[in-house]
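What follows is the residue order along each chain.
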Amino acid sequence: MKILLSWSSGKDSAWALHVLHQQYPGAVRGLLTTVNESVDRVAMHGVRRSVLEAQARAAGLPLHVVNIPHPCPNEIYEERVGAAISEARADGFTHAAFGDLFLEDVRRYREDRLAGSGLEPLFPIWGVPTRELAFQMIEGGLRARIACVDTRAIDASFVGREFDQQLLHDLPASADPCGERGEFHSCVCSGPMFNGSIALEPGDTHSVPPFVWCDLKMGSGVIFR
């Protein structure tokens, strides 16, 4: 068994990695991330490539980057991700894992795209109630910052904040505690899936309505155990 994990830089994919390590020790052998090639940042999350690469080092796993244009037509996205999946299969990968939580249409899309590819889909944290899951992450030692918010769902003041119990308390009742409907995206800096911690410092904020991003930068303290 050789698993390629879809890696967004955020808490859900990081926690999926933690669960996969428990379920299939040693089976996760790579991370796959789409990067906006025009700005060299993780697509949607807006996380710098330097932070993404530090995460991969902390996880002790090879990083496979799929560069996509911005804007990215769906046919180009599927072509480039499909090529990465074919390459992974040729490299001996048997499964592709995702940190999806409950959106059935997203899961069906992934399953449809993998059909006939030779890679079997895995959803290690699927169906866990999201408030329960959010507290599991925090109590389990995961640390993250909010990298992007959709101001149609939550206030822009949440961007850059730590993903912690106070944040969960402050979220409006209409927002999913894990941001699964796109209310917010996160960037992980520490947790049981890493062999060290990444010092993340909130920088300037940028807005392209309705989204607001925080430019998260690595501080001087990048510590690996």
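Everything below is about the structure printed above this text.
In this text, all values refer to a predicted model and were calculated from it rather than measured experimentally.

Conventions used here
Residues numbered from 1 in each chain as written. Predicted model: local features only at pLDDT ≥ 70, side-chain atom pairs only at ≥ 80, totals over all residues. Heavy atoms only, no water. Helix = DSSP H or I, 4+ residues; strand = E, 2+ residues; numbered from the N terminus. Expected span 1.5 Å × (residues − 1). Buried < 20%, exposed > 50% of the residue type's maximum accessible area, 1.4 Å probe, protein only. Contact = heavy atoms within 4.5 Å. Axes fitted to C-alpha atoms, helices over the stretch in contact; angles between N-to-C directions. Parallel < 35°, antiparallel > 145°, perpendicular 65-115°, else oblique. Nonpolar A, V, L, I, M, F, W, Y, C, P; charged D, E, K, R; others polar. Disulfide = S-S within 2.5 Å. Left-handed = near helix turned anticlockwise from the far one by under 90°. Polar contact = N/O pair within 3.5 Å; in protein donor to acceptor, adjacent residues only side chain to side chain.

1. Examining helix 1 (residues 11-23)
Relative to the 18 Å expected for 13 residues at 1.5 Å per residue, helix 1 spans 18 Å between its end C-alpha atoms, a close match to the ideal helical length. Every buried residue of helix 1 is listed here: Lys11, Asp12, Ser13, Ala14, Trp15, Ala16, Leu17, His18, Val19 and Leu20.

2. Observations concerning the environment of Leu103
By the element assignment, Leu103 lies in the loop between strand 5 (95-97) and helix 4 (104-114). Considered as a pair, Leu103 and Ser157 are 54 residues apart in the sequence and their alpha carbons are 26 Å apart. Among all residues touching Leu103, those that are not within four sequence positions of it are Trp126 and Glu180.

3. Some points on the packing of helix 1 against helix 5 (residues 130-139)
When two helices pack together, you describe them by how their axes are tilted relative to each other and by the distance separating the axes. Contact geometry of helix 1 with helix 5 gives a least axis separation of 11 Å together with a crossing angle of 70°. Considering the angle they form, helix 1 stands roughly perpendicular to helix 5. Residue-level inspection shows Lys11, Asp12 and Trp15 of helix 1 in contact with helix 5, the latter providing Leu133, Gln136 and Met137. Counted by class, the contact of helix 1 with helix 5 contains 3 nonpolar, 1 polar and 2 charged residues.

4. With respect to the state of the cysteines
Enumeration over the complete set of coordinates arrives at 0 disulfides. You can see Cys178 has no disulfide; the closest cysteine sulfur is in Cys187, sitting 16 Å from it. Free of any disulfide, Cys214 has its nearest neighbouring cysteine sulfur in Cys187, separated by 9.8 Å.

5. Here's the deal with the packing of helix 3 (residues 74-90) against helix 4
Here helix 3 crosses helix 4 at 60°, and the two axes come no closer than 11 Å. In terms of their interaxial angle, helix 3 and helix 4 are classed as oblique. As helix 3 runs across helix 4, the sense of the crossing is right-handed. Residues Asn74, Tyr77, Glu78 and Ile85 of helix 3 pack against Tyr109, Arg113 and Leu114 of helix 4. Of the residues in the contact of helix 3 with helix 4, the class split is 4 nonpolar, 1 polar and 2 charged.

6. Observations concerning the environment of Arg107
By the secondary structure assignment, Arg107 is in helix 4. For Arg107 and Phe123, which are 16 residues apart along the polypeptide, the C-alpha to C-alpha distance reads 8.5 Å. Beyond its immediate sequence surroundings of up to four residues, Arg107 is in contact with Phe123 and Trp126.

7. Considering the side chain of Ser13
Within the secondary structure, Ser13 is located in helix 1. Taking relative accessible area as the criterion, Ser13 reaches 4% and is therefore assigned buried. A polar contact of 3.1 Å, which involves the side chain of Ser13, links it to the backbone oxygen of Gly10. Each residue touching Ser13, except ones within four places of it in the same chain, is listed here: Leu5, Ser6, Trp7 and Ser8.

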